Amino acid sequence: MRADHPPKIAGTVWGLLILNTLGSAGAKTIIPLPRSLIQMVTMGALVAAFTLALAVNLRLRIRASAYVFLLTLLLVTSVISSAHLESGFGALFRCFRLALFVGTLWLLSRWWDGSLTFVRHHIRMYFAVLGSVAAGLVVSPGAALPDLYGGRLVGALWPLTPPQIGQYAAVIIGLTVLLLLARRTDRAGAAVVIVPSLVLLALTHTRTATLGLVIGLALAIGSLLLTSAAARRFFTWAVLSVTVAAVGFASALQAWFLRGQSQENFSNLTGRAKVWDALLAAPRSASEQVFGVGLGDKSFGGLPIDNSWLAVYNEQGLIGIALVAAIIIVLGGVALLRPPSLPRACAIFLISYCAIASYTEAGLGDASPYLLHLALAASLLASPAAAAPLWTPEVPRRHIPSWAQRSEVT
């Protein structure tokens, strides 16, 4: 198959997938948005993404992808677990949504060749989302920093929670830093993305996103130390800066990290541990242990689970956990086997971030930003498609009469 560049419409498809995964539940917005309207917009974005992806890939040319194949197996498991309707008819609707999501990724896989094209789409779309958050903060600071969330930043124009905003900010900061180190973007352009994103991340007080950013960047830059002088300089300055900050601003950093919580509340992860213990202690049949109870809203007893592994165990059972673990292991293994490069570093950052966030955030078992981050990592780890040999027209052989052939012999 001849290697070809993704059409511009592929970027639109990627943006629509991001819009679909923004969710429909969050903070109160300045202008109240009905949940049904938000769901119509997000689901419409997914249908439009699948339609456009199919329109530009009518021949259904796809690339082999272990990541999307494992997602397909996870979809099958979800359908089996949801068919019992223990979670209601909403489970089947979520399966349909996941099917469109996975199908769109299959259609886009044609252009997964290890290039940075989808990285730039990722950064631009999430930066636009953060732009709406910043606009809401300017228009109505009270609505953007409500007491309901302890003064943490939320989406005042579109309902986004602090962990969502922190996740989007951390991901584009990490990717932009890596692009800057590899000189794939200029300093001014990088500053436009990094500086406001850091401010928004700080206002969210999101510990998971901050740790994911720091650890993910450390691993990604570490993969470039042997081949990039810029990465070595950045790593050295980063270590010195973190050391100075840890010594000089220890109390301020501790206050930001604790968010005014008591040590007991912090130790049980803001009440998450109680939900986890209750979920694990709940009686389950053998079928529920193996396949789960079907796709739901990632909650148990009316409270959010906030752990990808336990959410998958609850909804897709032990088979779901095995498939999600296989996704992380396969992507991580492929990344380790690739030679040092910028795409490999970006993939390591994304995989590391998703693995760290999975402990306190749900999303690895259903259509979510985390699956999109991992899809981007899979596209970066894909080998470039081999270009087909150039086609040359065949010169018709001239017919030589038999008497002429005899004369040539003689």
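This structure is a prediction, so every number in the text was calculated from the model and none was measured. (Residues numbered from 1 in each chain as written. Predicted model: local features only at pLDDT ≥ 70, side-chain atom pairs only at ≥ 80, totals over all residues. Heavy atoms only, no water.)

**Re the overall build of the protein chain**
To keep it simple, the criterion reads: Secondary structure is summarised from DSSP: a helix means a run of H or I of at least four residues, a strand means a run of E of at least two, and numbering begins at the N terminus for each. We call a residue buried when its accessible area falls under 20% of the maximum for its residue type, exposed when it is over 50%, and partly exposed in between, using a 1.4 Å probe and counting protein chains only. Between two residues, a contact is recorded if the distance between any of their heavy atoms is within 4.5 Å. Using a 1.4 Å probe, the Shrake-Rupley method yields the accessible areas, and only the shown protein chains count as cover for residues.
Across its full length, the protein chain carries 18 helices and 2 strands. Residues counted as buried form 46% of the 410 residues belonging to the protein chain. Pairs at least 24 apart in sequence give 76% of the contacts found in the protein chain among residues at least 6 apart. Working note: accessible area of the protein chain is about 20,000 Å², and carbon and sulfur atoms make up 69% of it.

**Examining the nonpolar core**
Using the following cut-off: To define a nonpolar core, start from buried Ala, Val, Leu, Ile, Met, Phe, Trp, Tyr and Cys residues and group those joined through side-chain atoms within 4.5 Å.
By size, the foremost hydrophobic cluster in this structure holds 98 residues, and its most contacted members are Trp14, Tyr67 and Leu105. Of the residues forming this core, the biggest block, 12 residues, is contributed by helix α7 (residues 162–181). In this structure, Leu105 is in contact with Trp14, Leu17, Tyr67, Val68, Leu71, Trp112, Leu372 and Ala375, ignoring residues within four places of it in sequence. Leu279, Ile305, Leu310 and Tyr313 belong to the second-largest nonpolar core, a separate cluster that totals 6 residues.

**Some points on the packing of aromatic side chains**
In plain terms, the rule: In summary, the pairing rule links any two rings of Phe, Tyr or Trp, Trp by its six-membered ring, whose centres are within 6.5 Å, and it sorts them by plane angle into stacked for under 30 degrees, edge-to-face for over 60 and tilted for everything else.
Taken as a whole and assessed by the stated rule, the structure comprises 4 aromatic pairs. With 5.2 Å between their ring centres and 50° between their planes, Trp14 and Phe118 make a pair best called tilted. Taken together, the residues Trp14 in helix α1 (residues 8–20) and Phe118 in helix α5 (residues 117–139) connect sequence positions 104 residues apart. Judged by relative accessible area, which is 0%, Trp14 ranks as buried. Relative accessible area serves as the criterion here: at 2%, Phe118 is assigned to the buried category. Aromatic pair Tyr126 and Tyr168: ring centres 4.7 Å apart, planes at 25°, arrangement stacked. Of this pair, Tyr126 sits in helix α5 while Tyr168 sits in helix α7, and the two are 42 residues apart along the sequence.

**Describing the environment of Ala27**
Looking at the element boundaries, Ala27 is found in the loop between α1 and α2 (35–55). Spatially, the C-alpha atom of Ala27 lies 9.0 Å from that of Pro162, the residues being 135 residues apart in sequence. Other than its neighbours up to four places away in sequence, Ala27 contacts Tyr149, Val154, Gly155, Pro159 and Leu160.

**Some thoughts on the packing of helix α15 (residues 308–337) against helix α17 (residues 369–381)**
The test is simple: Axis definition: a line fitted to C-alpha atoms, over the contacting stretch in the case of helices. Angles run 0 to 180 degrees between N-to-C directions. Here a crossing is called left-handed whenever its near helix is offset anticlockwise from the far helix by less than a right angle, and right-handed whenever the offset is clockwise.
At a closest axis distance of 10 Å, the pairing of α15 and α17 adopts a crossing angle of 35°. At the point where α15 passes α17, the crossing takes the left-handed sense. Contacts between α15 and α17 involve Ile327, Ile328, Leu331, Val334 and Ala335 from the former and Leu374, Ala378 and Leu381 from the latter.

**Looking at helix α16 (residues 342–357)**
The cut-off we apply is this: The span you would expect from a helix comes to 1.5 Å times its residue count less one. Each polar contact in these results corresponds to two N or O atoms within 3.5 Å; when the atoms are within protein, one needs to be able to donate a hydrogen and the other to accept it, and residues that are neighboring in sequence are counted only if both atoms are side-chain atoms.
Compared with an ideal rise of 1.5 Å per residue, which puts 16 residues at 22 Å, α16 spans 23 Å between its outermost C-alpha atoms and is within 8% of the ideal. Taking the backbone nitrogen of Arg344 as reference, a side-chain oxygen 3.3 Å away marks Ser341 as the first, capping residue of α16.

**Things to note about the pattern of salt bridges**
Quick reminder of the rule: Just to be clear on terms, a salt bridge is a Lys or Arg side-chain nitrogen sitting within 4 Å of an Asp or Glu carboxyl oxygen.
Applying the stated criterion to the full structure yields 3 salt bridges. Salt bridges sharing common partners tie together Lys298, Glu315 and Asp366.

**What about the environment of Asn20?**
With respect to the helices, strands and loops of the structure, Asn20 is situated in helix α1. Along the sequence, Asn20 and Met40 sit 20 residues apart, while their C-alpha atoms lie 9.7 Å from each other. In this view, Asn20 contacts Thr42, Met43, Ala45, Leu46 and Arg97; residues no more than four positions away in its chain are not counted.

**Observations concerning α17**
Under the 1.5 Å per step criterion, the end-to-end length of α17 is 18 Å for 13 residues, consistent within 8% with the ideal 18 Å. For α17, a buried count of 13 out of 13 residues is recorded, marking the element as mostly surrounded by other parts of the structure.

**As for the confidence of the model for the protein chain**
Where we set the bar: Per-residue confidence from the predictor is reported as pLDDT, a score between 0 and 100.
In this model, the protein chain carries an average pLDDT of 87, and 88% of its residues clear a pLDDT of 70 or more. No element of the protein chain has a lower mean pLDDT than helix α18 (residues 402–409), which averages 50, and none a higher one than α17, which averages 97. Note on residues 387–395: pLDDT under 50 across the span, and 7 contacts to partners over four residues away in sequence or across chains.

**Side note on the side chain of Thr176**
Here Thr176 is to be found in helix α7. Not counting chain neighbours up to four residues away, the residues in contact with Thr176 comprise Ile123, Thr185, Ala190, Val193 and Ile194.

**Brief notes about the packing of α15 against α16**
We apply this condition: Here the angle decides the label: under 35 degrees means roughly parallel, over 145 means roughly antiparallel, 65 to 115 means roughly perpendicular, and every other value means oblique. When residue character is reported, Ala, Val, Leu, Ile, Met, Phe, Trp, Tyr, Cys and Pro are called nonpolar, Asp, Glu, Lys and Arg charged, and the others, Gly included, polar.
Their axes nearest at 10 Å, the elements α15 and α16 cross at an angle of 150°. Here α16 runs roughly antiparallel to α15, going by the angle between their axes. Considering only the axes of α15 and α16, their crossing is left-handed. Residues Ile328, Leu331, Gly332, Ala335 and Leu336 of α15 form the contact with α16, whose participating residues are Arg344, Ile348 and Ile351. Classifying every residue of the contact of α15 with α16 gives 6 nonpolar, 1 polar and 1 charged.

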